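Fold and contact review
Single-letter residue listing:
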Amino acid sequence: MKRRYFGTDGIRGQSNVFPMTPDLAMRVGIAVGTIFRRGNHRHRVVIGKDTRLSGYMLENAMVAGFTAAGVDAFVLGPIPTPAVAMLTRSLRADIGVMISASHNPYQDNGIKLFGPDGYKLSDDLESQIEDLLEKDLSTQLAKADNIGRAKRVDGVHDRYIEHAKRTLPRDVTLQGLRIAIDCANGAAYKVAPAVLWELGADVVTIGNEPNGTNINLNCGSTSPVALQKKVDEVRADIGIALDGDADRVIIVDENGAVVDGDQLMAVIAESYAESQQLRGGGIVATVMSNLGLERFLEDKGLGLVRTMVGDRYVVEHMRQNNYNVGGEQSGHIVLSDYGTTGDGLVAALQILAAVKRTGKTVSEICRRFEPVPQLLRNVRISGGKPLEDLRVQKAIADAEAELAKSGRLVIRPSGTEPLIRVMAEGDDRAQIERIVNDLTGVIGRVRDAA
């Protein structure tokens, strides 16, 4: 059954437009507070956010909802998503909430939910929340003497800074490295530069002046041009680009070349395997990861398991099968030895550890394989179900048959935007471009005819 509110990463949409309205945010607070109100102890929720203007509105609405449900709200302010997951456990909260639309522009916002174990909620729990949102919530409100309290929590940045620093091996410091970091004018604008500086690096920071509307704007992991220029300008050894809520990372090497999440996972997997730290016999990635990564791991005697797109599905498979490295090409890197969700800064620290341990440059460390030609294009839709059209299905079947032995095809609706994503990869670039052009053309014509 199609869900009305939740996508691949929580609830997301344009601010002040359904479902990202204060009314819905308050109802989510009541519904989630009701579901997690178990036992007779004082229940608590931790609520973090990124730097979007709409965060003020949604934060207050969610505080109202949770306290109305009898849950005490611990308000964290702007802080990375992985810090919210960590603090949910550290503060023994029943629920964690991150108000963020991740890499999306400031006009969008979202609600990510974590259980008391710091992991994102299962599909089943999200369905329970959706069912409750459709009902009259007035019967779930706490009695007057059980209404929750709300307070802002001090020192949460320091807790996360120390947590991140402890993920670096004790015998490794960042002394001697000049690091340029782009915080995307987002949630990590204070903590990420502090971690790197306290570990001994010479730090040059950009994207650290949020104003409510410049999050991810021509900066961060989805737009690394500014960081590439800064790396060249200050002759940095490495550039680190986070996204708006700092759960993903992209690296820029000393030559200004961009290194994506697939290469980073290859570095970490190889490093962990050499130190006998890698569990599961390989890593977990999604259907979008490059075929070159899969071939690289095979050559190392390691495996690659693919899941649906969404770091939540990666984490679920990791937990069920005892893997400790997983992630996405987009830069969500999940290292379960250190956290329960993607953490861009912690992933970057593992790359820096490899650089310091080997004495090699970032370009030498981070070019582990030659990517197979891959092309991703989006077709924007306003409604309808073009993937159910027989013409589209035939075109997809023909393309899959053509690529059967030399590549892969992934066609999927976006879980966060009104898009159909068309991705093909294979050894023949011209063939890949033709296939993607043909498929996006067919989908576009079906859309326009609807």
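As shown above, the structure is provided for reference.
None of the values given here were measured: they were computed from a predicted structure.

Here we look at the side chain of Asp247
Among the structural elements, Asp247 can be located in the loop between β10 (238-242) and β11 (249-252). A polar atom in the side chain of Asp247 sits 3.2 Å from the side chain of Lys112. Leave out the neighbours within four places in its chain, and Asp247 touches Thr81, Pro82, Ser102, Lys112, Gly331, His332, Ile333, Gly342, Asp343 and Gly344.

Notes on the sheet that holds strand β19 (residues 419-426)
Reading across from one edge, β17-β19-β18 is the order of the three strands in this open sheet, with antiparallel pairing throughout. Both edges of this open sheet fall to β17 (374-380) and β18 (407-413), since each of them pairs with a single strand only. Ignoring strand direction, the axes of neighbouring strands in this sheet form an average angle of 10°.

Observations concerning empty space enclosed by the protein
Tallied over the full model, the rule gives two cavities of 30 Å³ or more. Considered as a void within the structure, the largest cavity measures approximately 90 Å³ in volume. Along the wall of the largest cavity there are 13 residues; nearest its centre are Tyr338, Gly339, Thr340, Thr341 and Asp343. Listing elements by their share of the lining of the largest cavity, those giving two or more residues are α3 (81-90) and β16 (333-335).

Concerning the sheet that holds β10
Reading across the sheet, the five strands line up as β9-β8-β10-β11-β12 and stay open at both edges, with mixed pairing between neighbours. If you trace the sheet from one side to the other, it starts and ends with β9 (202-206) and β12 (258-259), each paired once. The sheet contact formed by strand β8 (residues 178-182) and β9 spans five bridges and is parallel. By the bridge assignment for β9, Ile181 is matched with Thr205.

Brief notes about the state of the cysteines
For the coordinates displayed, the defined rule picks out zero disulfides. You can see Cys366 has no disulfide; the closest cysteine sulfur is in Cys183, sitting 19 Å from it.

Re helix α2 (residues 54-68)
Given 3.6 residues to a turn, an α-helix orients residues that are three or four positions apart in the same direction. For α2, spanning 15 residues, the distance from its first C-alpha to its last is 21 Å, which sits close to the expected 21 Å at 1.5 Å a residue. For α2, the set of buried residues is Ser54, Gly55, Leu58, Glu59, Ala61, Met62, Val63, Gly65, Phe66 and Thr67. Just beyond α2, the residue with positive phi is Gly70, at close to 90°.

Here we look at the pairing of strand β6 (residues 108-114)
Of all seven residues in β6, seven are buried, a share of seventy percent or more. Side chains Asp108, Gly110, Lys112 and Phe114 of β6 all project onto a buried face; the interleaved residues Asn109, Ile111 and Leu113 project onto the opposite face, where all are buried too. Both strand β2 (residues 10-14) and β6 contribute to a ladder of four bridges, which runs antiparallel. Bridge assignment links Arg12 to a residue of β6, and that residue is Gly110.

Focus: the nonpolar core
The biggest cluster of nonpolar side chains holds 72 residues, and the ones touching the most others in it are Leu174 and Ile240. No other element matches helix α11 (residues 344-358), which puts ten residues into this core. Setting aside residues no more than four positions away along its own chain, Ile240 makes contact with Ile179, Ala180, Ile181, Asp182, Leu196, Leu227, Val249, Ile250, Ile251, Ala348 and Leu352. With 33 residues, the next largest nonpolar core counts Phe6, Ala61, Phe66 and Ile95 among its residues.

Quick word on the packing of helix α8 (residues 261-274) against α11
Geometry of a packed helix pair, given as the angle between the helix axes and the separation of the axes. At a minimum axis separation of 10 Å, α8 and α11 run at an interaxial angle of 60°. For the element pair α8 / α11, the angle class is oblique. Crossing of α8 over α11 shows left-handed handedness. Along its contact with α8, which presents Leu264, Val267, Ile268, Ser271 and Tyr272, the element α11 presents Ala347, Gln350, Ile351, Ala354 and Arg357.

Comments concerning unusual backbone geometry
The peptide bond linking Phe18 to Pro19 adopts the cis configuration, its omega dihedral lying at 10°. Position of Pro19 relative to the elements: it lies in the loop between β2 and α1 (22-35). Even without a glycine there, the phi angle at Ala184 is positive, about 60°. Locating Ala184 in the fold gives a position in the loop between β8 and α6 (191-198). Judged by relative accessible area, Ala184 falls into the buried class, the value being 0%. A positive phi angle, close to 60°, is found at Asn322, a residue other than glycine. Within the secondary structure layout, Asn322 lies in the loop between α10 (311-321) and β15 (325-327).

Rules used in this analysis
- Residues numbered from 1 in each chain as written.
- Predicted model: local features only at pLDDT ≥ 70, side-chain atom pairs only at ≥ 80, totals over all residues.
- Heavy atoms only, no water.
- Helix = DSSP H or I, 4+ residues; strand = E, 2+ residues; numbered from the N terminus.
- Polar contact = N/O pair within 3.5 Å; in protein donor to acceptor, adjacent residues only side chain to side chain.
- Contact = heavy atoms within 4.5 Å.
- Pairing = 2+ DSSP bridges.
- Axes fitted to C-alpha atoms, helices over the stretch in contact; angles between N-to-C directions.
- 1 Å grid on protein atoms, 1.4 Å probe; cavity = no way out; pocket = protein on both sides within 12 Å on 5 of 7 lines; lining within 4 Å.
- Points joined across faces, edges and corners; volume = space filled by probe spheres on them.
- Disulfide = S-S within 2.5 Å.
- Expected span 1.5 Å × (residues − 1).
- Buried < 20%, exposed > 50% of the residue type's maximum accessible area, 1.4 Å probe, protein only.
- Core = buried A, V, L, I, M, F, W, Y, C linked by side-chain atoms within 4.5 Å.
- Parallel < 35°, antiparallel > 145°, perpendicular 65-115°, else oblique.
- Left-handed = near helix turned anticlockwise from the far one by under 90°.

By themselves these figures say nothing about function.
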